[in-house]
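The chain contents come next:
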Amino acid sequence: SRRSSARSSRATCVATADFDGDGKVVACLATLEPLEAKDGLGQTVTGKAPIAVAAVRAHLPRLARARSAVLLFGEAGTGKASVARAIHGLSRSHGPFEERSGCELTAEGLRGFLASGSGGTLYLGDLHALDREAQDALWEWLTRHAGRRRLILGTDRDLAERAAAGLLRADLLARLALNTLRLPP
């Protein structure tokens, strides 16, 4: 059995191969192991699928630089809030990280959440749970105040399906689709 590895700035590929008596490969296993990031992302963004986790981690710096809202899509338990915190950390934001659930916010509560403080990052989980009035408040904030604070939204639902059913504003979905990241299960 022989083991070899190749290293890039993002990951290490480790391959192990078993050979028969003639030197032919009879078994081979290759894995991609994300490198531990200097900013501690290895503790924040983890998973059982190293290649998928490396792909997610590769997108985080771009999303941290984005001036528009970021949408995180993933099944329940995939770490959307942890990824939002990682984006906040990479953004070098001077303000706090604040988190709320769309399940608990009315339109008035959402307006207050969006207007609170200055700078920092706002993470709104369960975007799909916002009623129409709260969606209107979110749309208004996105069109008038985007850029003042970072906004990251999370959901585990198919938003295109919800928009087609009239449960989500189609224009809101189009606006949020600019910076979307799908998290692996």
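Quick notes on the rules
Residues numbered from 1 in each chain as written. Predicted model: local features only at pLDDT ≥ 70, side-chain atom pairs only at ≥ 80, totals over all residues. Heavy atoms only, no water. Helix = DSSP H or I, 4+ residues; strand = E, 2+ residues; numbered from the N terminus. Buried < 20%, exposed > 50% of the residue type's maximum accessible area, 1.4 Å probe, protein only. Contact = heavy atoms within 4.5 Å. Areas by Shrake-Rupley, 256 points an atom, 1.4 Å probe, with all protein chains shown as cover. Salt bridge = Lys/Arg side-chain N within 4 Å of Asp/Glu carboxyl O. Axes fitted to C-alpha atoms, helices over the stretch in contact; angles between N-to-C directions. Parallel < 35°, antiparallel > 145°, perpendicular 65-115°, else oblique. Left-handed = near helix turned anticlockwise from the far one by under 90°. pLDDT = per-residue confidence, 0-100. Pairing = 2+ DSSP bridges. Core = buried A, V, L, I, M, F, W, Y, C linked by side-chain atoms within 4.5 Å.

Visitor: What is the right way to look at the overall build of the chain in this model?
Guide: Summing up its helical and strand segments, the chain has seven helices and eight strands in all. Across the 185 residues in the chain, those meeting the buried criterion constitute 38%. Contacts in the chain between residues at least 24 apart in sequence constitute 60% of all its contacts with a sequence separation of at least 6. Entry remark: accessible area of the chain is about 10400 Å², with carbon and sulfur atoms responsible for 50%.

Visitor: What's the story with the pattern of salt bridges in this structure? I'm lost.
Guide: Side-chain pairs of opposite charge can arise where the charged atoms are in close proximity. Scanning the entire structure with this criterion turns up six salt bridges. Put simply, Arg85 and Glu99 hold a salt bridge, and the shortest N to O gap is 3.6 Å. A residue pair is termed long-range when its members are at least 10 positions apart, and Arg85 in helix 3 (residues 80–90) and Glu99 in strand 5 (residues 97–101) qualify at 14 residues. Using a relative accessible area of 36% as the deciding quantity, one classes Glu99 as partly exposed. Across the pair Arg157 and Asp156 runs a salt bridge whose closest N-O atoms are separated by 3.2 Å. When its relative accessible area of 40% is taken as the criterion, Arg157 is described as partly exposed. Look at the salt bridges and you will find they share partners, linking Arg132, Asp136, Arg169 and Asp171 into a network.

Visitor: So what exactly am I meant to see when it comes to the packing of helix 4 (residues 107–115) against helix 5 (residues 132–145) here?
Guide: Packed helix pairs are specified by the crossing angle of their axes together with the interaxial distance, meaning the distance between the axes. Where helix 4 contacts helix 5, the two axes come as close as 8 Å, and the packing angle between them is 25 degrees. One way to sum up the angle between helix 4 and helix 5 is to call them roughly parallel. Crossing geometry of helix 4 relative to helix 5 is assigned as right-handed. Counting all contacts with helix 4, which are made through Ala107, Leu110, Arg111 and Leu114, the residues of helix 5 involved are Glu133, Ala134, Ala137, Leu138 and Trp141.

Visitor: How do you make sense of the confidence of the model for the chain when you look at a structure like this?
Guide: Regions with low pLDDT should not have their predicted coordinates read in detail. Per-residue confidence for the chain averages 80 on the pLDDT scale, and 72% of its residues sit at or above 70. In the model of the chain, strand 1 (residues 2–7) stands out as the element of lowest mean pLDDT, 47, in contrast to strand 4 (residues 70–73), which has the highest, 96. This stretch, residues 3–15, has a pLDDT under 50; its non-local contacts, to residues over four places away or in other chains, come to 36 contacts. When the criterion is pLDDT under 50, residues 32–40 qualifies, and its contacts beyond four places in sequence or with other chains add up to 27 contacts.

Visitor: I would appreciate a short explanation of the sheet that holds strand 5 in the present structure.
Guide: Across a sheet, paired strands are connected by hydrogen bonds in the backbone, their directions being either parallel or antiparallel. Here we have five strands laid out as an open sheet, ordered 5-6-7-4-8, and parallel in their pairing. Edge positions in the sheet fall to strand 5 and strand 8 (180–182), since each of these pairs with one other strand and no more. The mean angle between the axes of side-by-side strands here comes to 20 degrees, regardless of whether they run parallel or antiparallel. Relative to strand 7 (residues 150–155), strand 6 (residues 121–125) runs parallel, the two sharing four bridges. Looking across to strand 7, one finds that Thr121 is bridged to Arg150. Strand contacts of helix 2 (residues 50–65): strand 4, strand 7 and strand 8, with the helix running at about 160 degrees to strand 8, the strand carrying the most contacts.

Visitor: What should I look at first to understand the nonpolar core in this one?
Guide: Buried together is how nonpolar side chains tend to be arranged in soluble globular proteins. In terms of nonpolar packing, the biggest core is built from 24 residues, with Leu110, Leu127, Leu138, Leu142, Leu151, Leu153 and Leu176 touching the most fellow members. Put simply, the parts of the chain that give this core at least two residues each are helix 4, strand 6, helix 5, strand 7, helix 6 (159–164) and helix 7 (170–176). Looking at which element gives the most residues to this core, the answer is helix 5, with five residues. Not counting the four nearest positions on each side in its chain, Leu127 is found in contact with Leu71, Leu138, Leu153, Gly154, Thr155, Leu159 and Leu176. With 15 residues, the next largest nonpolar core counts Leu60, Val70, Tyr123 and Leu181 among its residues.

Visitor: Explanation requested: the pairing of strand 4 in the structure shown.
Guide: For a regular strand, side-chain orientation follows a simple rule: the groups alternate between the two sheet faces. In terms of strand pairing, strand 4 meets strand 7 through four bridges, oriented parallel. By the bridge assignment, Phe73 is partnered in strand 7 with Thr155. The pairing of strand 4 with strand 8 spans three bridges and is parallel. Note that in strand 8 the partner of Phe73 across the bridge is Arg182.

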